[in-house]
Amino acid sequence: MSQLLRTHIEAVCPLSDEEFAHILSHFKLRKLKKHAFLIQEGEYVRQEYFVLKGCLKAYIADPETGNEFIYQFGAEDWWMTDREAFFKETKASINIDCLEDCEVLGITLEDRNKLGAAIWKYEHFLQVKANLGYISLQKRLQLMIMGSAKDRYEHFIRQYPQLFSRIPKTHIASYLGVTRETLSRLYRR
């Protein structure tokens, strides 16, 4: 399973076997069952996670209604954490839970920083991935502000075809900022 992490990093810059072994030694495997929390609001966030297997959702919940507002999914080859809490070493303001049984590789901020200082290729990888993440977030915000429900739906299908059949439609509707009924109408088209 660690080969997935190596392939992910090497999409940005190649690694020697020794470099990858050193990088991998800083990660810890964690297995979670469906519906388990990876991160729970109010807890300190000690790690960021690379998803080896499974699918997760990141969301905030309205304390009065209990409604969930999903802003990110994570599946194989993706990273998940509460970024603010991870980097500021504070308590989570979001929840991340498993939509399926999951396996993730976790790394602490301290180890992430050590690796970045020790292996320039890893630091470069982190920089490239951060920039791509910002671009993705910018596009998502633009769609939420300016795009119609149909635009957001079609973009989701194009961007994440592998997720559409794995994620309950109620969760997809929350991610798109529409009701389940609206999603059903778009789905039938």
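If you're wondering where the values come from, they're calculated on a predicted model, not measured in any experiment.

> Would you mind showing me how to read the pattern of salt bridges here?
Opposite charge on two side chains lets them pair, provided their charged atoms get close. Within the structure shown, the criterion is met by 12 salt bridges. Of the charged contacts, one joins D111 and K114 as a salt bridge, the two residues approaching to 3.9 Å between their closest N and O atoms. Here the residue D111 and the residue K114 both occupy positions in helix α4 (residues 109–118), the gap between them amounting to 3 residues, near one helical turn. Here the salt bridges share partners, and the residues they tie into one network are R6, E10 and D17.

> It is not clear to me how the sheet that holds strand β7 (residues 95–98) should be interpreted in this structure. Could you clarify?
Note: strands within a sheet are paired through backbone hydrogen bonds, in either parallel or antiparallel orientation. Taking strand neighbours across the sheet as the criterion, the 4 strands line up as β2-β7-β4-β5 in an open arrangement whose pairing is antiparallel. The open sheet is flanked by β2 (37–39) and β5 (68–74), the only strands paired with a single partner. Across the sheet, the axes of successive neighbouring strands diverge by a mean angle of 30°, strand direction being ignored. Sitting on the sheet, helix α8 (residues 169–176) is in contact with β4 (56–61) and β5, with an inclination near 100° to β5.

> Could you clarify how one ought to interpret the nonpolar core in this entry?
Among soluble globular proteins, nonpolar side chains are generally buried collectively. Within the largest apolar cluster, 19 residues are counted, with the highest numbers of intra-cluster contacts made by F73, F156, L163 and L176. Those elements giving two or more residues to this core turn out to be β5, α6 (149–159), α7 (161–164), α8 and α9 (180–188). Among the elements that line this core, the one with the most residues is α8, at 4 residues. Not counting residues within four places of it along the chain, the set of residues in contact with F156 comprises F73, P161, L163, F164, I172, Y175 and L176. Of all hydrophobic cores here, the second largest spans 18 residues; its members include Y49, V51, L56 and I94.

> Looking at this structure, how should I read unusual backbone geometry?
Both trends apply: most residues other than glycine have a negative phi, and most peptide bonds are in trans. For H35, which is not a glycine, the phi torsion comes out positive at approximately 80°. Take H35: its relative accessible area is 60%, and that puts it in the exposed class. Backbone geometry at D77 places phi at a positive 80°, although glycine is not the residue there. In this structure, D77 sits in the loop between β5 and β6 (79–80).

Each value, and the rule that gives it
Residues numbered from 1 in each chain as written. Predicted model: local features only at pLDDT ≥ 70, side-chain atom pairs only at ≥ 80, totals over all residues. Heavy atoms only, no water. Salt bridge = Lys/Arg side-chain N within 4 Å of Asp/Glu carboxyl O. Helix = DSSP H or I, 4+ residues; strand = E, 2+ residues; numbered from the N terminus. Pairing = 2+ DSSP bridges. Axes fitted to C-alpha atoms, helices over the stretch in contact; angles between N-to-C directions. Contact = heavy atoms within 4.5 Å. Core = buried A, V, L, I, M, F, W, Y, C linked by side-chain atoms within 4.5 Å. Buried < 20%, exposed > 50% of the residue type's maximum accessible area, 1.4 Å probe, protein only.

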